[in-house]
Protein chains: 2
Amino acid sequence: MDEFGLIEQYFRRPARRSEVVLGVGDDAALVALRGAQRTLAVTTDTLIEGVHFAAGAPGFDVGYKALAVNVSDLAAMGARPLAFLLNLSLPRIDPMWLAGFRDGLFTLADAVSLDLIGGDTVRGPLAITITALGTTAPGGALTRTGARAGDRVYVSGLLGEAALGLLARSGHLSLPSEFQAPVLARLDRPLPRIEEGQALVGIASSAIDVSDGLVADLGHVLKASGVGAEIDLRRLPLSRAYDAAFATVGYDPALVFGDDYELCFTVPPERTPALAGIAPRFACGFHYIGDIVAGRGLVLRNGQDIYAPARSGYNHFDG
Amino acid sequence: MDEFGLIEQYFRRPARRSEVVLGVGDDAALVALRGAQRTLAVTTDTLIEGVHFAAGAPGFDVGYKALAVNVSDLAAMGARPLAFLLNLSLPRIDPMWLAGFRDGLFTLADAVSLDLIGGDTVRGPLAITITALGTTAPGGALTRTGARAGDRVYVSGLLGEAALGLLARSGHLSLPSEFQAPVLARLDRPLPRIEEGQALVGIASSAIDVSDGLVADLGHVLKASGVGAEIDLRRLPLSRAYDAAFATVGYDPALVFGDDYELCFTVPPERTPALAGIAPRFACGFHYIGDIVAGRGLVLRNGQDIYAPARSGYNHFDG
């Protein structure tokens, strides 16, 4: 691991979690799971310059977001974050960029109590792979397979904010100035719903994080669960910034863009009181947007009309 | 994970290990460690086309080796392999190459009982990141920090075979034909010393795998343990192929090239009988090559002479 000393130089810190028996610097890291009652959750994502983030993007934003997308996957499992590994492919060593990257990475790592326990640094095109480890109680993970006809569909927070941020940054959307900063922050510094995900264990019947867009991600849940869904577009949680942009952009940024890293989850009717019980703890809110139905596929209703978005999701091999 | 269905299409198989609660296809994989007596070992390595393997290299060889370098790290910890994740960055979808890659990957995965539990596939320059999970008994891992003055230094198998393979393939070395195939096999299909590593738990005081060359890798152990070593070059385990090439290449391929994925480990004198006790189980052999000494640094002795290799190890940012 780390042939170049970069992880040693830039990223090595004492482990904070008592589970980390051995961190950066040996052939492998060692992690002791506390008690027999925890199951390991593991997720990994790769971000490539020019595909997942713009060439020349600030190191801080890239570091933050590379970790955030993985933490969001742990959130969608209802997992408690534990540790992560960093694989960094760099065309050259740029100390300023690396310092910013490290600061962005550790800002989020500290916020969610994740220790960096290993990784690899190689020469190549700029790319980041992060693998995140968390723990769940056995049988207590939120998966994609548990949605049943009659369950309600919820999302946390707001949808489409990251899309507005990207449209504003690229000059495709002109927003009132007070709305610029919030949507750019949602694009660059998403807040994975870690606490919310853990609180939903025992309440939600399925969950996924909205990384590729509501239509695509809810579609994964429907396929995995063998059910369909009807969503009421008028129930989508949209911000005042979105309202201001709505005449220009319509519903699609909230449906097919992704990058919001909110949770989309289903709740059986008998457990909606339990959801109402935990909801006051979370400022993001949990928004009822539709219902799981028998059959297959996702129907988007706009009053009496059936709505079809411009494209059904984000796929890097489309382009 | 896996935005493009490639892992689903090419790599998804039923999990074989009972520890794998949930494999490919959700936001994260779930792994239950059996019993409270096992600790998780995690390692990760990235391979980039044109840096770690040649452009146009066969998919089978790339898949095999990408996993082998990680399995070798588990071996060096004395860990038992459990599961792995695959992050694949591809410039395009080439079904033939992908099928070969998968076959190479699973050939080794099957040999060491590793389940593929997750990953990510993105569009980008050809690069592979693998993260491997294994388990060790608590306190039973082989680390780099335990070497003490008076310990003996051993290596498994043969050194320099992969280097000869590379020199032969690149036309820098002409080998008798009967030696070509074995050294190329050692370069393309290294055999991580998984069983050997587990057997050395309780016997070796430190261990590392020879990935960057004996000088560099033993150097890591010496630095981590705060000791020095004296190695007798005449004790290096060299093959008949190496003997045939020795007049041309000298000792350096066995010292500074790496890619052999043998284990280099230290054994306190009182435990050498235990080492002799397990040695007959392993065809590779364990070869005594020198001793740990007080102080710092590595001395290479060739009879009465002190030998200095041409370069001290492999570093991708050198070039």
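No experiment lies behind these values; they were computed from the predicted model shown. All residue numbers here refer to positions counted from 1 along the written sequence of the relevant chain. Numbering of ligands from 1 and lettering of chains from A proceed in the order in which they are written. Side-chain atom pairs in this predicted model are given and counted only at pLDDT of 80 or more, local residue features only at pLDDT of at least 70, and totals for whole chains, interfaces and linings cover all residues.

K.L.:
Tell me about the packing of helix α4 (residues 161-169) of chain A against helix α5 (residues 177-188) of chain A, residues and numbers included.
P.N.:
Residue and element names in this part refer to chain A. Fitting a line to C-alpha atoms yields each axis, with helices limited to the stretch in contact; the angle taken between N-to-C directions then spans 0 to 180 degrees. By the criteria applied, helices consist of DSSP H or I runs no shorter than four residues and strands consist of E runs no shorter than two, each listed in order from the N terminus. With their axes 7 Å apart at the nearest point, α4 and α5 run at an angle of 110° to one another. Judged by the angle between their axes, α4 and α5 are roughly perpendicular. Seen along the crossing, α4 lies across α5 with a hand that is left-handed. Of α5, the residues touching α4 (which contributes E161, A162, L164, G165, L166, A168 and R169) are Q180, V183, L184, R186 and L187. Residue polarity follows a fixed list, in which Ala, Val, Leu, Ile, Met, Phe, Trp, Tyr, Cys and Pro are nonpolar, Asp, Glu, Lys and Arg are charged, and the others, Gly among them, are polar. Across the contact of α4 with α5, the residue classes break down as 7 nonpolar, 2 polar and 3 charged. For classification, angles of less than 35 degrees are called roughly parallel, those exceeding 145 degrees roughly antiparallel, those between 65 and 115 degrees roughly perpendicular, and all remaining angles oblique. Crossings are sorted by hand: turned counterclockwise from the far helix by less than a right angle, the near helix makes the crossing left-handed, and turned clockwise it makes it right-handed. Here contacts are defined at the residue level, using C-beta atoms placed from the backbone and a cut-off of 7 Å between them.

K.L.:
I'd like a description of the pairing of strand β12 (residues 297-302) of chain B, backed by residues and values.
P.N.:
All names here are of chain B. In this analysis, strands are considered paired if DSSP registers two or more bridges between them. The pairing of strand β9 (residues 228-232) with β12 spans 5 bridges and is classified as parallel. Paired with D232 across the two strands is R301, which belongs to β12. The sheet contact formed by β12 and strand β13 (residues 305-307) spans 3 bridges and is antiparallel. Bridge pairing links R301 to I306 in β13.

K.L.:
An account of the interface of chain B and chain A is requested, with residue identities and associated values reported.
P.N.:
Residue-level contacts link 56 residues of chain B with 55 residues of chain A. With 9 residues, strand β3 (residues 39-48) of chain B is the largest single contributor of residues to the side of chain B that touches chain A. A per-class count over the side of chain B that touches chain A returns 30 nonpolar, 16 polar and 10 charged. Bridge count for strand β2 (residues 29-31) of chain A against β3(B) is 3 bridges, and the pairing is antiparallel. Looking across to β3(B), one finds that A:V31 is bridged to B:L40.

K.L.:
Can you explain helix α7 (residues 214-225) of chain B? Please cite residues and give values.
P.N.:
Residue and element names in this part refer to chain B. Spanning 12 residues, α7 covers 16 Å between terminal C-alpha atoms, matching the ideal 16 Å at 1.5 Å per step. Whether a residue is buried, exposed or partly exposed is read from the other C-beta atoms within 10 Å of its own C-beta, which are placed from the backbone; 20 or more gives buried, 12 or fewer gives exposed, and intermediate counts give partly exposed. For α7, the set of buried residues is L214, V215, A216, D217, L218, V221, L222 and S225. On its buried face, α7 sits against β7 (152-156), β8 (206-209), β9, α9 (252-257), β10 (263-267) and β12. Looking one or two places after α7, you find G226, whose phi comes out positive at around 70°. By this rule the span expected of a helix is its residue count minus one, scaled by 1.5 Å.

K.L.:
Break down the relation of the copies chain B and chain A for me, with residues and values.
P.N.:
For the least-squares superposition of copies, only C-alpha atoms count, and only for residues with pLDDT at least 70 in both. Each copy of the sequence occupies a distinct position, and chain B is placed on chain A by a rotation of 180° and an axial shift of 0.0 Å, giving an RMSD of 0.0 Å. Here the copies are linked by what is in effect a two-fold axis. When the interface residues of chain B are mapped onto chain A, 98% of them again fall at the interface, so both copies present the same face.

K.L.:
Give a description of the sheet that holds strand β9 (residues 228-232) of chain A that names residues and reports values.
P.N.:
All names here are of chain A. Spatial ordering of the open sheet is given by β8-β10-β7-β11-β9-β12-β13, a layout of 7 strands whose pairing is mixed. In this open sheet, the two edge strands, each paired with only one partner strand, are β8 (206-209) and β13 (305-307). The sheet shows a mean angle of 30° between the axes of neighbouring strands, taken without regard to direction. Running at roughly 150° to β8, helix α7 (residues 214-225) makes contact with β8, β9, β10 (263-267) and β12 (297-302) of the sheet.

K.L.:
Residue-level account of unusual backbone geometry, with values.
P.N.:
All names here are of chain A. One non-glycine residue, S113, lies in positive phi territory at about 60°. Topologically, S113 is positioned in the loop between α3 (95-111) and β5 (115-123). Even without being a glycine, D259 presents a positive backbone phi close to 70°.

K.L.:
Residue-level account of the domain arrangement of chain A, with values.
P.N.:
Residue and element names in this part refer to chain A. Where each domain starts and ends comes from a domain assignment, either automatic or drawn from a database. Segmenting chain A into domains produces domain 1 (6-136) and domain 2 (152-307). Each of domain 1 and domain 2 was reduced to a C-alpha centroid, and the two centroids are 26 Å apart. At the interface, 16 residues of domain 1 touch 17 residues of domain 2. With 11 residues, the single largest contributor to the side of domain 1 that touches domain 2 is helix α2 (residues 59-76). Partitioned by chemical class, the residues of the side of domain 1 that touches domain 2 number 10 nonpolar, 2 polar and 4 charged.

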